[in-house]
Amino acid sequence: MAPSPEAVRLARRLRDLRESERLTQKDLSNALSAAEVRVAVATISSWESQSNPKLPPEERLRSYALLFAMTVVPDGVPREQELNTAERERFNALHRELVGLRDDIRHHQTGTPTSSGSYTFDFESGRITLICPEIPEDGRSSLADPENPNFTKLYRYADLDALIEMWGHVRASNPELRVRHRLPSEVSADHLSGHMILVGGIAWNRVTSRLLRVLDNLPIRQLSVPDLADGEIFRSRDGQEYRPVWEERKDFDPEEDGAPSTADLEADQTQDVWRGDKPRELVEDVALFARLPNPFNHSRTITICNGVYSRGVLGAVRTLTDDAVRERNETYLANRFPGGVFGLLMRVPVVNGEAVTPDLEIEENRLYEWSPEDDTE
């Protein structure tokens, strides 16, 4: 798909600024790079691309304005207080121009203007850590054993479909930031102070379990119940419970497919997929998607992508990564939760075993919604 005229205008303007000072992309990379956050030459090239331009973070446009406001472009980005009167006027004008071009792109993409000029998973600065649950030892592949010569650490992760989907999206959206994924047992104070994306439920992710207790203002809790062996349901502040939906399988052949043993049923090994001697299939899961300030560092955020089962986790992740509905869902969230802090329970249809991404414009997909503004009404 060809880029929008708005995107081409910004890309061309960034290229013109660089070429007006006879800087190479490497020169500009060195000037823009800070001690902790390096801007790669490939990133600058992607911002200037006429065929497939990428959208720079607003923070980077401010750096451009500071850099090119100077009478002589310095080796590094100056601080605003270092500018003289004429340079400050050029900085303000150039900053307004570049941010305006960026907002024009966002308006074209979503159909609505946005105050922040960024998508939910576009982070201006800071480290980003994805925290994903770990499969218990008795359920792991032999390849998860470090003593296996073919040891592969990813085999220790649960909700791997959701992790890969989120990792790829966040990494592509934030090429100049450090994006890591960690198991709960590997989480340190350094990870807790940055942006955190929690993938997966409370049973195998003690970090999510702990943070849900810390986040007192989120009126949604996940809890284990006796009649659900392999998942945890959601309960809202008003006491309403949100559970997955099962149906009896129509294609079951007792002679070919068999039935679980009494011992297995008593041990809850197949409780969720069998009711008596009849198999069931999951047709609808429940997902939690929430965004809140990080309680350990309010300049950073926590995003929770959770579900009763793994299909719900994947549905929560794909709400803002699936190209088919991402733009509409971003627009819905921007309009419904202008403060950017919210909690949302969604239904995730499951068809032929595959999670279908929720379209938030469909009212029946939104099971429960909350924002801090709702508590003050």
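This one's a predicted model, so the numbers in the text were calculated from it and none came from an experiment.

Undergrad: Sorry, what's going on with the overall build of the protein chain here?
TA: Across its full length, the protein chain holds 13 helices and 13 strands. Looking at the protein chain residue by residue over its 377 residues, the buried ones come to 49%. Within the protein chain, contacts between residues separated by at least 24 positions form 65% of all contacts whose residues are at least 6 apart in sequence. By element, 47% of the accessible surface of the protein chain is carried by carbon and sulfur atoms, the whole surface being about 18800 Å².

Undergrad: Just checking my understanding: could you explain a negative patch on the surface for this structure?
TA: The grouping of Glu 137, Asp 138, Asp 145 and Glu 147 at the surface amounts to a negative patch. Examined against the element boundaries, Glu 137 turns out to sit in the loop between β1 (128-131) and α6 (160-173). On the basis of relative accessibility, which here comes to 67%, the residue Glu 137 falls in the exposed class.

Undergrad: What's the story with helix α3 (residues 41-48) in this structure? I'm lost.
TA: It helps to recall that an α-helix has 3.6 residues per turn; residues three or four apart then point in one direction. Residues Thr 43, Ile 44, Ser 46, Trp 47 and Glu 48 constitute the buried set of α3. Buried-residue contacts for α3 involve α1 (5-20), α2 (25-32) and α4 (58-69).

Undergrad: Honestly, the packing of aromatic side chains in this entry has me stumped. Any pointers?
TA: For any pair of aromatic rings, geometry is given as the distance between the ring centres together with the angle between the planes. According to the stated counting rule, one finds 7 aromatic pairs in the structure shown. Where Phe 337 meets Phe 342, the ring centres are 4.9 Å apart and the plane angle is 15°; that geometry is what we call stacked. Residue placement shows Arg 280 over the ring face of Trp 246; its charged tip is 4.6 Å from the ring centre.

Undergrad: Quick question: what am I supposed to make of the nonpolar core here?
TA: In a soluble, globular protein the nonpolar side chains are often hidden away together inside. Residues Phe 121, Ile 128, Met 166, Ile 197, Phe 289 and Leu 333 are the most contacted members of the largest nonpolar core, which totals 32 residues. Elements with a minimum of two residues in this core: β1, α6, β3 (195-199), β9 (278-294), α11 (310-318), α12 (326-336) and β11 (342-351). Phe 289 has contacts with Thr 120, Phe 121, Thr 303, Ile 304, Cys 305, Ala 316, Leu 320, Leu 333, Phe 342, Gly 343, Leu 344 and Met 346, leaving out every residue within four places of it along the chain. Core analysis: the second largest hydrophobic core is formed by 28 residues, Leu 198, Leu 211, Val 308 and Val 350 among them.

Undergrad: I tried to follow the pairing of strand β2 (residues 179-182) on my own but got confused; where do I start?
TA: Where β1 lies against β2, 4 bridges are found, and the strand directions are parallel. Considered in β2, the bridge of Thr 129 is made with Arg 180. As for the winding sense of the linkage, the β-α-β connection from β1 through α6 to β2 is right-handed.

Undergrad: Would you explain the sheet that holds strand β6 (residues 241-242) in this entry?
TA: By way of backbone hydrogen bonds, the strands of a sheet pair with one another, either parallel or antiparallel. Strands sit in the order β4-β5-β6 across an open sheet of 3 strands; the sheet is antiparallel. Looking at which strands have only one partner, the edges of the open sheet turn out to be β4 (220-223) and β6. Two elements, strand β5 (residues 233-236) and β6, share 2 bridges in a ladder whose sense is antiparallel. From the neighbouring strand, Phe 234 faces β6, where its bridge partner is Tyr 242.

Undergrad: How do you make sense of the pattern of salt bridges when you look at a structure like this?
TA: A side chain of one charge can pair with a side chain of the opposite charge if their charged atoms are brought near each other. The tally for this structure, following the rule as stated, stands at 22 salt bridges. The partner of Arg 18 in a salt bridge is Glu 48, with the nearest N and O atoms 2.8 Å apart. A residue pair is termed long-range when its members are at least 10 positions apart, and Arg 18 in helix α1 and Glu 48 in helix α3 qualify at 30 residues. Glu 48 shares its class with Arg 18; the two are buried. Across the pair Glu 241 and Arg 243 runs a salt bridge whose closest N-O atoms are separated by 3.3 Å. Judged by its relative accessible area of 32%, Glu 241 falls in the partly exposed class. Salt bridges linked by common partners bring Arg 18, Glu 19 and Glu 48 together as one network.

Undergrad: Mind showing me how you'd approach the packing of α1 against α4 here?
TA: To characterise two packed helices, one gives the angle between the axes of the helices and the distance between these axes. Between α1 and α4, whose axes approach to 11 Å, the crossing angle comes to 30°. Here α1 lies roughly parallel to α4, going by the angle between them. Between α1 and α4 the crossing geometry is left-handed. Together, Leu 14, Leu 17 and Arg 18 of α1 and Leu 61, Tyr 64 and Phe 68 of α4 make up the contact between the two elements. Considered class by class, the residues forming the contact of α1 with α4 number 5 nonpolar, no polar and 1 charged.

Undergrad: Explain unusual backbone geometry here, please?
TA: As a rule of thumb, non-glycine residues mostly have phi less than zero, and peptide bonds are mostly trans rather than cis. Despite not being glycine, Arg 22 has its phi angle at roughly 55°, a positive value. Following the sequence through the fold, Arg 22 ends up in the loop between α1 and α2. The phi dihedral of Asp 159 falls on the positive side, at around 50°, and the residue is not glycine. Looking at the element boundaries, Asp 159 is found in the loop between β1 and α6. The exposure class assigned to Asp 159 is buried, which follows from its relative accessible area of 18%.

Undergrad: Please clarify how the environment of Glu 165 should be interpreted in this entry.
TA: Here Glu 165 lies in helix α6. Spatially, the C-alpha atoms of Glu 165 and Leu 314 are 8.2 Å apart, while their sequence positions differ by 149 residues. In this view, Glu 165 contacts Leu 314, Val 317, Arg 318 and Thr 321; residues no more than four positions away in its chain are not counted. Reaching out from Glu 165, the side chain makes a polar contact with the side chain of Thr 321 at a distance of 2.8 Å.

Conventions used here
- Residues numbered from 1 in each chain as written.
- Predicted model: local features only at pLDDT ≥ 70, side-chain atom pairs only at ≥ 80, totals over all residues.
- Heavy atoms only, no water.
- Helix = DSSP H or I, 4+ residues; strand = E, 2+ residues; numbered from the N terminus.
- Buried < 20%, exposed > 50% of the residue type's maximum accessible area, 1.4 Å probe, protein only.
- Contact = heavy atoms within 4.5 Å.
- Areas by Shrake-Rupley, 256 points an atom, 1.4 Å probe, with all protein chains shown as cover.
- Patch = residues over 30% accessible without salt bridge, like charges linked within 9 Å, V, L, I, M, F, W, Y side chains within 5 Å.
- Salt bridge = Lys/Arg side-chain N within 4 Å of Asp/Glu carboxyl O.
- Lys, Arg positive; Asp, Glu negative; His and termini not counted.
- Charge placed at Lys NZ, Arg CZ, Asp CG, Glu CD.
- Phe/Tyr/Trp six-rings, centres within 6.5 Å; stacked < 30°, edge-to-face > 60°.
- Lys NZ or Arg CZ within 6 Å of the ring centre and 35° of its normal.
- Core = buried A, V, L, I, M, F, W, Y, C linked by side-chain atoms within 4.5 Å.
- Pairing = 2+ DSSP bridges.
- Right-handed = clockwise from strand over helix to strand, strands pointing away.
- Axes fitted to C-alpha atoms, helices over the stretch in contact; angles between N-to-C directions.
- Parallel < 35°, antiparallel > 145°, perpendicular 65-115°, else oblique.
- Left-handed = near helix turned anticlockwise from the far one by under 90°.
- Nonpolar A, V, L, I, M, F, W, Y, C, P; charged D, E, K, R; others polar.
- Polar contact = N/O pair within 3.5 Å; in protein donor to acceptor, adjacent residues only side chain to side chain.

Honestly, it's all geometry; don't read function into it.
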